[in-house]
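# Geometric and topological summary
So the chains spell out like this:
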Amino acid sequence: MRRPLRRSTRVVIAVVATLAVLGPLGYLWQDSLVPGTYDMASMGTMDFGGGPAAAHAHGDEFSVAALTGPSTGKPDVSLTLTARKEGKRYTLNGATPGPQIHARRGQLLQVTLVNESVPDGVTLHWHGVDVPNAEDGVAGVTQDAVRVGERHVYRFTTPDEGTYWYHSHQVSHSQVRGGLFGALVVGASAAEVDEVVAVHTYDGKRTINGAPGVSSLTGIAGPSPSPGAVARVRVINTDAGPIRLWVSGAPYRVVAVDGHAVYRPSDISDKSVLVTAGGRVDLSLPGAARVDVGGGAAAVWGSVPSAPQPRADLDE
Ligand SMILES: [Cu+2]
């Protein structure tokens, strides 16, 4: 016959069991707290690989600055971007957004960044593009900021087709917001119209490719698309917060998100699309349609009046 446990024994078991559960949780909780202060330069113990014997053999050290794209070879696409501060705005080659860059997949791209008058220095980050580390344009991490009077050459082959963009990665809250960015399109679609719609808010005013209000997708207002014509619209959210877009006039398709093609896209109507900060959404429009991006800014193909924003988001 089993004797029932003494009351004091049961209390001890309960306390031990509770500690066994709460102890590790408590440890994990305190271990995951963000420290009150920390130093970016102090990264703990360096692991150079090769096990304990090699732990102090620093011969394998290398600089991130050495991880460049191809240093030789004639570039397929080559341009110079000159950065300036003009009042509150930042420009590249005198405009914001900067020039659209178009390349095909696998081509060698060479961009010479010249800082003419941006006091805090400037870099170019290739948002969404899989580049060698030294071409990534992150000031203080992969390169030094390019100071006034200096230049820096970026060279890389474009690995994947898709809609991307570039922007400064130095004092970004001021420089990107103030206009130091542009579109990068790799590859081209078979659509009759293939256009970038770079959305940016300058001083509270929502714009498309720098223009507030309604823009014509083809640059020419008026005649409706010819029967069967399709437009690819590459929406880029260059703001630091999300935006919503909606399409009036025709069912539409989302054919790519953040540079990646959507598998078997289907027709959508009466739904908004959330575009995250820095995100890209490529739309396919089957004829006359209007893409609203909020704040009164829209891109229109043919002539289509604005419909109210649908309440529901896609994938909600
Ligand atoms: Cu970015």
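Residues numbered from 1 in each chain as written. Predicted model: local features only at pLDDT ≥ 70, side-chain atom pairs only at ≥ 80, totals over all residues. Heavy atoms only, no water.

### What about the overall build of the protein chain?
When helices and strands are counted, the protein chain shows two helices and 20 strands. A burial count over the protein chain gives 41% of its 316 residues as buried. For the protein chain, the proportion of contacts with a sequence separation of at least 24, taken over those separated by at least 6, is 73%. (Helix = DSSP H or I, 4+ residues; strand = E, 2+ residues; numbered from the N terminus. Buried < 20%, exposed > 50% of the residue type's maximum accessible area, 1.4 Å probe, protein only. Contact = heavy atoms within 4.5 Å.)

### Comments concerning the pairing of strand E10 (residues 205–208)
Here four bridges tie strand E9 (residues 193–202) to E10, and the two strands are oriented antiparallel to one another. Looking across to E10, one finds that Val199 is bridged to Ile208. Between E9 and E10, which pair antiparallel one after the other, the connecting turn spans two residues, and Asp203 there sits at a positive phi close to 50°. The pairing of E10 with strand E11 (residues 211–212) spans two bridges and is antiparallel. Bridged to Ile208 within E11 is Ala211. (Pairing = 2+ DSSP bridges.)

### Re the coordination of the copper ion
Only His127 (ND1) and His167 (NE2) from the protein reach the copper ion as donors, at distances of 1.9 to 2.0 Å. Of this pair, His127 sits in strand E5 (residues 125–127) while His167 is found in strand E7 (residues 162–167), placing the two residues 40 residues apart along the sequence. Judged by its relative accessible area of 9%, His167 is buried. (Donors = N, O, S within 2.8 Å, 3.2 Å for Na, K, Ca; no water.)

### Quick notes on the pattern of salt bridges
Counted according to the given criterion, the structure contains 12 salt bridges. A salt bridge links Asp282 to Arg232, with the nearest nitrogen and oxygen atoms 3.0 Å apart. In this pair, Asp282 sits in strand E18 (residues 280–285) while Arg232 sits in strand E13 (residues 231–237), placing the two residues 50 residues apart along the sequence. Here Asp282 falls in the buried class, since its relative accessible area comes to 2%. The residue Arg244 makes a salt bridge to Asp313 at a minimum N-O spacing of 2.7 Å. In this pair, Arg244 is assigned in strand E14 (residues 243–248) and Asp313 in the segment after strand E20 (297–301), connecting sequence segments 69 residues apart. Overall, Arg244 belongs to the partly exposed group, its relative accessible area being 35%. Taken together, the shared-partner salt bridges connect Asp194, Arg232, Arg234 and Asp282 into one network. (Salt bridge = Lys/Arg side-chain N within 4 Å of Asp/Glu carboxyl O.)

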